[in-house]
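Summary of the model geometry
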Amino acid sequence: MTEWFSAQDANVWGGIAGAVFGCVGGGIGGTLMGYCAPRGKARGLVMGFVWFWVVVGVAMLGMGVGAALVGQPRHVMYPFFLLGGITTAVMVPAVFTTRRRYAEAEQRRLVAEELRRG
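Structure report, in brief. (Residues numbered from 1 in each chain as written. Predicted model: local features only at pLDDT ≥ 70, side-chain atom pairs only at ≥ 80, totals over all residues. Heavy atoms only, no water.)

Re the nonpolar core
Stated formally: Nonpolar core, defined: a set of buried Ala, Val, Leu, Ile, Met, Phe, Trp, Tyr and Cys residues in which side-chain atoms within 4.5 Å join the residues together. Only protein chains enter the accessibility calculation, which uses a 1.4 Å probe; a residue is then buried when its area is under 20% of its type maximum, exposed when over 50%, and partly exposed in between. Comment: elements are numbered from the N terminus, with helices defined as DSSP H or I runs of at least four residues and strands as E runs of at least two. Pairs of residues are marked as contacts when any of their non-hydrogen atoms sit within 4.5 Å.
By size, the foremost hydrophobic cluster in this structure holds 20 residues, and its most contacted members are F21, M33, W53, M60 and M91. When residues of this core are traced back to their parent elements, those giving at least two are helix 1 (7-36), helix 2 (43-69) and helix 3 (74-117). At nine residues, the largest contribution of residues to this core is made by helix 2. Residue contacts for W53: discarding those within four places in its chain leaves F21, V24, G25, T87 and M91.

Here it is as structure tokens:
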């Protein structure tokens, strides 16, 4: 069995991927969710972003399972399981939280509209 990549490559690319996932998925995604959802803005963008990262996390877990099934060594499986597990564990609850925040914003909008009418 030929290794997909060496242990050194796994360390380098795993670190880079972890930084990208954390900065883009967590940093930008968290900012978007925290700013837009309570205001009821950019729902499609924010929910699309969250679901994109859920799919990426599940795909990474799938790659880890695939690596395990074909007998790849630990240094090949580990980055996939680590990145996929953390991304999925963070973003799946974020789907429900973000939906709830948008529902609360919509409810506040409806109450405010009702008060304006009189």
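Overview of the environment of C36
With respect to the helices and strands, the residue C36 is situated in helix 1. A residue is classified by how much of its surface remains accessible, and C36, at 10% relative accessible area, is buried. For C36 and Y102, which are 66 residues apart along the polypeptide, the C-alpha to C-alpha distance reads 8.6 Å. In this structure C36 touches K41, A42, V46 and Y102, once residues within four positions along its chain are discounted.

A few points about helix 3
Rules: Here a helix's expected span is defined as the number of its residues, less one, multiplied by 1.5 Å. The seven residues ending at a residue and the seven starting there each receive a fitted axis; the angle between those axes is the bend at that residue.
With 44 residues, helix 3 should cover 64 Å at 1.5 Å per step; its first-to-last C-alpha distance of 64 Å lies within 8% of that length. For helix 3, the principal kink sits at V95 and spans about 25 degrees. At the C-terminal side of helix 3, G118 shows a positive phi close to 130 degrees.

Quick notes on the packing of aromatic side chains
For the record, the criterion: In this scheme Phe, Tyr and Trp rings, the latter by its six-membered ring, pair at centre separations within 6.5 Å, and the angle between planes marks the pair as stacked below 30 degrees, edge-to-face above 60, and tilted otherwise.
Counted under the stated rule, the structure contains five aromatic pairs. Ring centres of W4 and F80 lie 6.2 Å apart, and the angle between their planes is 75 degrees; on these two criteria the pair is classed as edge-to-face. Of the two residues, W4 sits in the segment before helix 1 while F80 sits in helix 3, which places them 76 residues apart along the sequence. For W4, a relative accessible area of 40% gives the class partly exposed.

So, the side chain of T98
Relative to the helices and strands, T98 is located in helix 3. With residues up to four places along the chain from it excluded, the contact list for T98 reads M33, A37, V46, M47 and V50.

Concerning unusual backbone geometry
A positive phi is found at A42, a non-glycine position, where the angle reads about 50 degrees. Relative to the helices and strands, A42 is located in the loop between helix 1 and helix 2. Judged by its relative accessible area of 37%, A42 falls in the partly exposed class.

Side note on a nonpolar patch on the surface
Heads up, the condition is: Patch building starts from residues that exceed 30% relative accessible area and form no salt bridge, then joins like charges within 9 Å and nonpolar side chains (Val, Leu, Ile, Met, Phe, Trp, Tyr) within 5 Å. For the accessible areas, the method is Shrake-Rupley and the probe is 1.4 Å, while residue cover comes only from the protein chains on display. Just to be clear on terms, a salt bridge is a Lys or Arg side-chain nitrogen sitting within 4 Å of an Asp or Glu carboxyl oxygen.
A cluster of nonpolar side chains, namely M1, W4, M63, V65, L69, V70 and F81, defines an oily patch on the protein surface of about 720 Å² accessible area. The element best represented in the nonpolar patch is helix 2, accounting for three residues. If you trace the backbone, L69 turns up in helix 2.

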